[in-house]
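# Coordinate analysis (summary)
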Amino acid sequence: MFFRDKHCPTCGGSGTQVFAPLKPEERKALGTHRTDLWRCTAPGCRWYQPWGHQAGGGRLPEELQNPGAGASA
């Protein structure tokens, strides 16, 4: 079974967030062609990570922040 909900280390709390695959422009900004990178979709968040684990994750550039930038990310 496939779940899109994951824990986001930058959103805080004990709940989960919905993750989505990186868009082509996001992969380009990171300089990668990897298709296994997913990002948190919470408002204001920029966190991305490989699907299977948080190691190897990081933050997207500020201009790729999700809409709703009142959240601290």
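As a starting point, this report considers the structure included with it. Remember, it's a predicted structure, so these values are computed and weren't measured experimentally. (Residues numbered from 1 in each chain as written. Predicted model: local features only at pLDDT ≥ 70, side-chain atom pairs only at ≥ 80, totals over all residues. Heavy atoms only, no water.)

## What about the overall build of the protein?
When helices and strands are tallied, the protein shows one helix and five strands. Taken from the N to the C terminus, the helices and strands of the protein come in the order β-β-α-β-β-β. The proportion of buried residues among the 73 residues of the protein is 32%. Across the protein, contacts joining residues at least 24 apart in sequence account for 38% of those joining residues at least 6 apart. When the accessible surface of the protein is totalled, it reaches about 4,500 Å², and 53% of it is carbon and sulfur. (Helix = DSSP H or I, 4+ residues; strand = E, 2+ residues; numbered from the N terminus. Buried < 20%, exposed > 50% of the residue type's maximum accessible area, 1.4 Å probe, protein only. Contact = heavy atoms within 4.5 Å. Areas by Shrake-Rupley, 256 points an atom, 1.4 Å probe, with all protein chains shown as cover.)

## Some thoughts on the sheet that holds strand β1 (residues 5-6)
An order of β1-β2-β3-β4-β5 is seen for the five strands of this open sheet, with the pairing classed as antiparallel. Strands with a single pairing partner mark the edges of an open sheet, and in this sheet they are β1 and β5 (58-59). Pairing of strand β4 (residues 47-50) with β5, which is carried by two bridges, proceeds in the antiparallel orientation. Paired with Tyr48 across the strands is Gly58, a residue of β5. (Pairing = 2+ DSSP bridges.)

## Focus: the packing of aromatic side chains
One pass over the structure, following the stated rule, counts one aromatic pair. With a centroid separation of 4.6 Å and 50 degrees between ring planes, the pair formed by Trp38 and Trp51 is classed as tilted. With a gap of 13 residues between them, Trp38 in strand β3 (residues 37-40) and Trp51 in the loop between β4 and β5 connect regions that are remote in the sequence. You can call Trp38 buried: its relative accessible area is 12%. When the ring centre of Trp51 is taken as reference, the NZ or CZ atom of Lys6 above it lies at 4.5 Å. (Phe/Tyr/Trp six-rings, centres within 6.5 Å; stacked < 30°, edge-to-face > 60°. Lys NZ or Arg CZ within 6 Å of the ring centre and 35° of its normal.)

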